Amino acid sequence: MIMPVAYIAVVWSVPSLSGSLGWLRVGQFSPFLWTALAVLAILSVIGLILYFVTIRPDLSHQPVMGSHRMNPAALFAVGIGIAVLNAAVEESMYRGILMNALDAWLGGGILPIVLQAIAFGTLHFNSTEPGVSGVLITALLGLVLGWLRRAGRGMLPPYIVHVLVDIGVWTLGLLQTA
Amino acid sequence: MDTSRDEASAIGRARVLGPIPEPGRSRRAASAAIMMSAGLFIAIPLSAVLPTGADLTALIMRGGSLMGFVILLLCAVVLVAAIASRDATAVSIALLVFLSHSRQRRLP
């Protein structure tokens, strides 16, 4: 958690860098976007369950999950908290700072969405969803989140789906440890 | 006084609630810094491996700890290049890469 705090401290304290936070906006919601958001959220959670059932990844090595002093309800509440925080950090990094920079370099289009999705995938190479299958499934999710960011022109649409998927990952990890 | 404060808060609300504006196209030097940052963003997570399952405490660097210093050096070079380009977006992404991946040098 030190890294995001250090980043925000530097960017906010250097006046010439504060202009690079233009991506920090909720976005525009239309009926089409709400529908797409709902459909993609459902598809993402279904995809996660299929990944869990077919690949059988070890999702039990998540923070706090090994604590036997918490009851399942408390552990689930912790999982929601971690999902809310983790999604905020990852969305800021990948759909915020990285995609904004790629848009400035490539001038929009599909390539920034693809590149940030690949980066988001490789981030998970040694993460909760480890290995090549983890990279592929998270890169696919990165494409969905990147498209939502582009279509909604804001950070809230991908953030909502990311939180739901993270809660799903946490729940599946809890089921594995049970 | 109250009116100007209301106007300021309305402008602030509109800024946060509104859509993300299209970022201006970066110039050549800044584009190069962004390209290198994106490359590091993609490649650096692959530089560490987990020899035993999903236990994240067991992470080690491919090529040993020296590789960690090489990566840190690369990140620093990209950050300096971004600062030299005087582009806020390029500095922002290079700074993020430098901060988020400087921990790689502490891996065995």
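Whatever comes next refers back to the structure up there.
Residues numbered from 1 in each chain as written. Chains lettered and ligands numbered in written order. Predicted model: local features only at pLDDT ≥ 70, side-chain atom pairs only at ≥ 80, totals over all residues.

1. Describing the overall build of chain B
- From N to C terminus, chain B includes four helices and two strands.
- Start at the N end of chain B and walk to the C end: the helices and strands fall as α-α-β-β-α-α.
- If you take every contact in chain B between residues at least 6 apart in sequence, the share linking residues at least 24 apart comes to 66%. (Helix = DSSP H or I, 4+ residues; strand = E, 2+ residues; numbered from the N terminus. Contact = placed C-beta atoms within 7 Å.)

2. Section: the packing of helix α3 (residues 72–106) of chain A against helix α6 (residues 156–177) of chain A
Residues and elements named next belong to chain A.
- Between α3 and α6, the shortest axis-to-axis distance is 8 Å and the interhelical angle comes to 140 degrees. Looking at the two axes, α3 sits oblique to α6. The handedness of the crossing between α3 and α6 comes out as right-handed.
- Tallied by class, residues from the contact of α3 with α6 come to 15 nonpolar, four polar and four charged. (Axes fitted to C-alpha atoms, helices over the stretch in contact; angles between N-to-C directions. Parallel < 35°, antiparallel > 145°, perpendicular 65-115°, else oblique. Left-handed = near helix turned anticlockwise from the far one by under 90°. Nonpolar A, V, L, I, M, F, W, Y, C, P; charged D, E, K, R; others polar.)

3. Some remarks on the interface of chain B and chain A
- The partner chain A presents 38 residues to the 37 residues of chain B that form the contact.
- Contributions of two or more residues to the side of chain B that touches chain A are made by α1 (2–17), α2 (28–43) and α4 (88–101) of chain B.
- Sorting elements by how many residues they give to the side of chain B that touches chain A places α4 of chain B first, with ten residues.
- Its residues assigned to classes, the side of chain B that touches chain A shows 25 nonpolar, nine polar and three charged.

4. Concerning the nonpolar core
- One finds Leu98 of chain A together with Ile34 and Ala94 of chain B to be the most contacted residues of the largest nonpolar core, which totals 39 residues.
- Of all the elements in the fold, those that place two or more residues in this core are α1 (2–13), α3 and α4 (111–123) of chain A together with α2, α3 (65–85) and α4 of chain B.
- Listed in part, the 21 residues of the second largest apolar core include Trp23, Tyr51, Ala83 and Val144 of chain A. (Core = buried A, V, L, I, M, F, W, Y, C linked by C-beta atoms within 7 Å. Buried ≥ 20, exposed ≤ 12 C-beta atoms within 10 Å, placed from the backbone.)

5. What to know about the packing of α3 of chain A against α4 of chain B
- Running from N to C, α3 of chain A and α4 of chain B point in directions that differ by 140 degrees, and their axes come no closer than 9 Å. Considering the angle they form, α3 of chain A stands oblique to α4 of chain B. Note on packing geometry: the crossing formed by α3 of chain A with α4 of chain B is left-handed. Between α3 of chain A, through Met93, Ile97, Leu98, Asn100, Ala101 and Ala104 of chain A, and α4 of chain B, the contact on the second element is made entirely by Thr89, Ala90, Ser92, Ile93 and Leu96 of chain B.
- Across the contact of α3 of chain A with α4 of chain B, the residue classes tally to eight nonpolar, three polar and no charged.

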